[in-house]
Amino acid sequence: GRSHAPSRLWPMKPAEGRFLTEKQGDAEVISADNGLRYTPYVLLIETVDLRQVVAAYRKLYPQLQKAYEELGYPRRYFNDRVVEVLDLLIATPDIDAAARVHLPAINGPLQPQRPWVLYEFEDPAMQSLVAGQKILLRTGPVNERRLKAKLAELRRLLATGAPKQ
């Protein structure tokens, strides 16, 4: 639910290579080839048996709930948060045209060594999306649809027998 997700907190290694853009007229857009960087992750996720994931989740749920409470959420349910995040990701807007992006101005003597990680969407509505939604958009339209289908399946499986709260 935040606007930025530091890569050191990601559950897996960031995609290889750099974020790819290209010129379309006078605009800079996300390159169609950028999605190829994420395809191995999408293929891996598509091999996961979500029924087994949900079964493991249900078995581990008491420990997950306890840890969630210890993190400072004593009157909330972890499962509610999981469903909330899934719904948020599934609601990521679909875009068919290449998204316009730009590098923000960096004022000061220190310049980033990896500036391509700083690209922002030109469209304020897209830039205001939460980090997970922006990451989904960066994976490209095809990967985004495939990932959202898997997330929707996970959501459906969780809803048909959510852990007791």
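Because the structure is predicted, anything quoted here is derived from the model rather than measured.

## What to know about the packing of aromatic side chains
Then, in step 1: Considering all chains together, one arrives at 6 aromatic pairs under this definition.
Then, in step 2: Both rings, one in Tyr68 and one in Tyr73, keep their centres 4.6 Å apart while their planes meet at 15°; by these two values the pair is stacked.
Then, in step 3: Here Tyr73 falls in the partly exposed class, since its relative accessible area comes to 33%.
Then, in step 4: Centre to centre, the rings of Tyr68 and Phe78 are 5.4 Å apart; their planes meet at 65°, and the pair counts as edge-to-face. With Tyr68 in helix α2 (residues 50-70) and Phe78 in helix α3 (residues 78-90), this pair connects stretches of sequence that are 10 residues apart.
Then, in step 5: With relative accessibility at 7%, the residue Tyr68 sits in the buried group.
Then, in step 6: Here Arg138 stacks its cationic end above the ring of Phe19, 4.3 Å away from the centre of that ring.

## With respect to α2
Then, in step 1: Of all the bends found along α2, the most pronounced is centred on Leu60 and spans about 60°, while Pro62, a proline, follows it within four residues.
Then, in step 2: Those residues of α2 not exposed but buried are Leu50, Val54, Tyr57, Tyr61, Gln65 and Tyr68.
Then, in step 3: Those residues of α2 that are buried are in contact with α3 and α6 (141-159).
Then, in step 4: For α2, the N-terminal capping position is held by Asp49, with its side-chain oxygen 2.9 Å away from the main-chain nitrogen of Arg51.
Then, in step 5: Just past α2, the residue Gly72 takes up positive phi, approximately 115°.

## Some points on the pairing of strand β2 (residues 27-30)
Then, in step 1: Inspection of the sheet shows strand β1 (residues 21-24) paired to β2 by 4 bridges, in the antiparallel sense. Across the sheet, residue Thr21 finds its bridge partner in β2, namely Ile30.
Then, in step 2: Where β1 folds back onto β2 in an antiparallel hairpin, the turn is made up of 2 residues, including Gly25, whose phi is positive at roughly 65°.

## Thoughts on the nonpolar core
Then, in step 1: Leu86, Leu154 and Leu158 are the most contacted members of the largest nonpolar core, which has 14 residues in total.
Then, in step 2: The leading source of residues in this core is α6, at 5 residues.
Then, in step 3: Among the nonpolar cores identified, the runner-up in size contains 10 residues, and Phe19, Ile95, Phe121 and Leu129 belong to it.

Here is what the cut-offs are and how they apply
- Within each chain, residues carry numbers counting from 1 in the order of the written sequence.
- Reporting of local features is limited, given that this is a predicted model, to residues whose pLDDT is at least 70; pairs of side-chain atoms are given and counted only at 80 or more, and all residues count toward the totals for whole chains, interfaces and linings.
- Side-chain measures were taken over the full set of non-hydrogen atoms in the model, leaving aside hydrogen atoms and water.
- Note on aromatic pairs: the rings of Phe, Tyr and Trp (six-membered ring only in Trp) are paired at centre separations within 6.5 Å, and the planes decide the class, stacked below 30 degrees, edge-to-face beyond 60, tilted for the rest.
- Exposure classes here rest on a 1.4 Å probe applied to the protein chains alone. A residue is buried below 20% of its type maximum, exposed above 50%, and partly exposed in between.
- Under the DSSP-based scheme used, a helix requires at least four consecutive residues in state H or I and a strand at least two consecutive residues in state E, with every element numbered from the N terminus.
- In this scheme, Lys NZ or Arg CZ marks a charge over a ring once it lies within 6 Å of the ring centre and within 35 degrees of the ring normal.
- The term bend refers to the angle at a residue between two fitted axes, each drawn through seven residues, those ending there and those starting there.
- Contacts are assigned to residue pairs that have any heavy atoms within 4.5 Å of one another.
- Here a polar contact is taken to be a pair of N or O atoms separated by no more than 3.5 Å, where protein atoms must pair a possible hydrogen donor with a possible acceptor and residues adjacent in sequence count only if both atoms sit in side chains.
- A pair of strands is labelled paired if DSSP reports no fewer than 2 bridges between them.
- Working definition of a nonpolar core: buried Ala, Val, Leu, Ile, Met, Phe, Trp, Tyr and Cys residues. They are joined through side-chain atoms within 4.5 Å.

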